[in-house]
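# Remarks on the overall topology
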Amino acid sequence: MSTSYELTHLAALEAEAVHIFREVAATAERPVLLFSGGKDSVVMLHVAAKAFWPARLPFAVMHIDTGHNFDEVLSFRDRAVEHFGVNLTVASVQDDIDSGRSIEESGPGVSRNRLQTATLLRAISENSFDAVFGGARRDEEKARAKERVFSFRDEHGQWDPRRQRPELWQLYNGRHRRGEHFRVFPLSNWTELDIWQYIEAEQIELPHIYYAHNRTVVPRAGMLLAVSRFVPVLPGEEPFEGTVRFRTVGDATCTGCVQSSAADAHDVVLEVAASRMTERGATRADDRISEAGMEDRKKEGYF
């Protein structure tokens, strides 16, 4: 008789992510994990905790706070940080606006999403972070599909796709000069369906807005936006009560929701399996600014 040892596709993805976390921990001096309380960052933190268990995480977590977040997500962020026993750094976009480093646009439908770039770069510089873990996945958007796992950023935090390094056989080159850094994406090869199957299998807690709930929404720009103090109803718009959930969570001013009855992770898995559009394509207004909008922002230093 012969025995074989085979990993499921989720176990293989987890093992790859664990390898990436450990590689960075072994080579970088001051890594940090970006944590917003969204599903991808929650999965990333969960895998990181498994990678170093029973020891504590050898790095802190950081949230780039636009000031326009969903209250439920901020509450979840704080609970998660306490649960994992990690240090949280919050870099505030409002601080950059108040200091004059960033200029906030005015008018209806304006988002602070793009202002996160300056705040992120400031936080990286002030804290001397040389490796920044992000939850971006290649299936989300075509500019992200170009991204390496170890994404090199120059001394200005900018991304140049022509200066990225080969990553053959999962060998990563993290060498850099002082002032340069890497954005590292352990979930690069995961899909939205993988994320939700993993959440179901690992019984990972998420902010409840990822599941079906009643909320007042308003149709705008082909999406449903949640009415809040950040998203007031504009003249001529007709809000309504709907049963919705969020596929992705970001700045409340540019993150839409979808009508859904999916009340738990299993229901979401079935829903995502039938979907033909990624979550960012379906519910993120900031990806619709132009054909190359995401790539342009990444060159400036965006996530």
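In the block above lies the structure referred to throughout.
The notes below deal with the structure included here. (Residues numbered from 1 in each chain as written. Predicted model: local features only at pLDDT ≥ 70, side-chain atom pairs only at ≥ 80, totals over all residues. Heavy atoms only, no water.)

## Re the pairing of strand 6 (residues 181-184)
Residues His181 and Arg183 line one face of strand 6 and the alternating positions Phe182 and Val184 line the opposite face, and both faces are buried. Across 3 bridges, the pairing between strand 4 (residues 131-133) and strand 6 is parallel. Residue pairing in the sheet places Phe133 in a bridge with Val184 of strand 6. In this sheet, strand 6 lies alongside strand 5 (residues 150-153) in antiparallel orientation, the contact comprising 4 bridges. If you follow Ser151 over to strand 6, its bridge partner there is Arg183. (Buried < 20%, exposed > 50% of the residue type's maximum accessible area, 1.4 Å probe, protein only. Helix = DSSP H or I, 4+ residues; strand = E, 2+ residues; numbered from the N terminus. Pairing = 2+ DSSP bridges.)

## Let's talk about the packing of aromatic side chains
A full pass over the atoms with the stated rule returns 11 aromatic pairs. Residues Phe21 and Phe59 carry aromatic rings whose centres are separated by 6.2 Å and whose planes lie at 20° to one another, so their mutual orientation is stacked. Separated by 38 residues along the polypeptide, Phe21 in helix 1 (residues 9-27) and Phe59 in the loop between helix 2 (39-52) and strand 2 (60-65) bring together distant segments of the chain. For Phe59, a relative accessible area of 7% corresponds to the buried category. (Phe/Tyr/Trp six-rings, centres within 6.5 Å; stacked < 30°, edge-to-face > 60°.)

## A word on the nonpolar core
Ranked by size, the top nonpolar core spans 59 residues in total, and within it Phe21, Leu33, Val43, Val184, Trp196 and Ile199 carry the most contacts. No other element matches the 8 residues that helix 2 contributes to this core. For Val43, the contacting residues outside a window of four places in its chain are Leu187, Trp190, Ile195, Tyr198, Ile199 and Ile204. If you look at the next biggest cluster of nonpolar residues, it comprises 14 residues, including Leu34, Ile64, Val93 and Leu120. (Core = buried A, V, L, I, M, F, W, Y, C linked by side-chain atoms within 4.5 Å. Contact = heavy atoms within 4.5 Å.)

## A short note on a nonpolar patch on the surface
On the surface, Leu168, Trp169 and Leu171 cluster together into a nonpolar patch covering about 430 Å² of accessible area. Among the residues examined, Trp169 registers a relative accessible area of 74% and is labelled exposed. (Patch = residues over 30% accessible without salt bridge, like charges linked within 9 Å, V, L, I, M, F, W, Y side chains within 5 Å. Areas by Shrake-Rupley, 256 points an atom, 1.4 Å probe, with all protein chains shown as cover. Salt bridge = Lys/Arg side-chain N within 4 Å of Asp/Glu carboxyl O.)

## Section: helix 7 (residues 192-202)
Residues Glu192, Asp194, Ile195, Trp196, Tyr198 and Ile199 constitute the buried set of helix 7. Of the residues one or two after helix 7, Gln203 is the one with positive phi, at around 55°.

## Regarding the pattern of salt bridges
One pass over the structure, following the stated rule, counts 16 salt bridges. Note that Arg247 is salt-bridged to Glu192, the shortest N-O span being 2.6 Å. Of this pair, Arg247 sits in the loop between strand 9 (240-245) and strand 10 (256-259) while Glu192 sits in helix 7, and the two are 55 residues apart along the sequence. Since its relative accessible area comes to 5%, Glu192 is described here as buried. The salt bridge involving Arg220 is made with Glu237; its shortest N-O contact spans 2.8 Å. Of this pair, Arg220 sits in strand 7 (residues 213-220) while Glu237 sits in the loop between strand 8 (223-226) and strand 9, placing them 17 residues apart in sequence. Of the residues examined, Arg220 reaches a relative accessible area of 16% and is grouped as buried. Classification of Glu237 as buried rests on a relative accessible area of 19%.

## What to know about empty space enclosed by the protein
This model, assessed by the stated rule, comprises 3 cavities of 30 Å³ or more. What lines the second largest cavity is simply Val24, Thr27, Ala28, Asp130, Ala131, Phe150, Gly174, His176, Phe182 and Val184. For the lining of the second largest cavity, the secondary-structure elements that each account for two or more residues are helix 1 and strand 6. In terms of residue class, the lining of the second largest cavity is built from 6 nonpolar, 3 polar and 1 charged. (1 Å grid on protein atoms, 1.4 Å probe; cavity = no way out; pocket = protein on both sides within 12 Å on 5 of 7 lines; lining within 4 Å. Points joined across faces, edges and corners; volume = space filled by probe spheres on them. Nonpolar A, V, L, I, M, F, W, Y, C, P; charged D, E, K, R; others polar.)

## Observations concerning unusual backbone geometry
A cis geometry characterises the amide bond from Trp53 onward to Pro54, with omega recorded as 10°. Within the secondary structure layout, Pro54 lies in the loop between helix 2 and strand 2. A positive phi angle, near 55°, is found at Ser128, a position not held by glycine. Among the structural elements, Ser128 can be located in the loop between helix 5 (116-127) and strand 4. For Ser128, a relative accessible area of 48% gives the class partly exposed. The backbone of Gln170 sits at a positive phi, close to 55°, despite the residue not being glycine. The residue Gln170 is located in the loop between strand 5 and strand 6 in this model.

## Let's talk about the sheet that holds strand 5
The strand order across the open sheet formed by 6 strands is 3-2-1-4-6-5, and the pairing between neighbours is mixed. Of all strands in the sheet, those with a lone pairing partner are strand 3 (88-92) and strand 5, marking the two edges. Here the strands of the sheet are splayed against their neighbours by 30° on average, with no regard to which way each runs. Of the strand pairs in this sheet, strand 2 and strand 3 are connected by 5 bridges, and their pairing is parallel. Among the inter-strand pairings, His63 is bridged to a residue of strand 3, identified as Val90. Against the sheet, helix 3 (residues 71-84) makes contact with strand 2 and strand 3, and its axis sits at roughly 150° relative to strand 3, the strand it touches most. (Axes fitted to C-alpha atoms, helices over the stretch in contact; angles between N-to-C directions.)

Any functional reading would require information that these geometric values do not contain.
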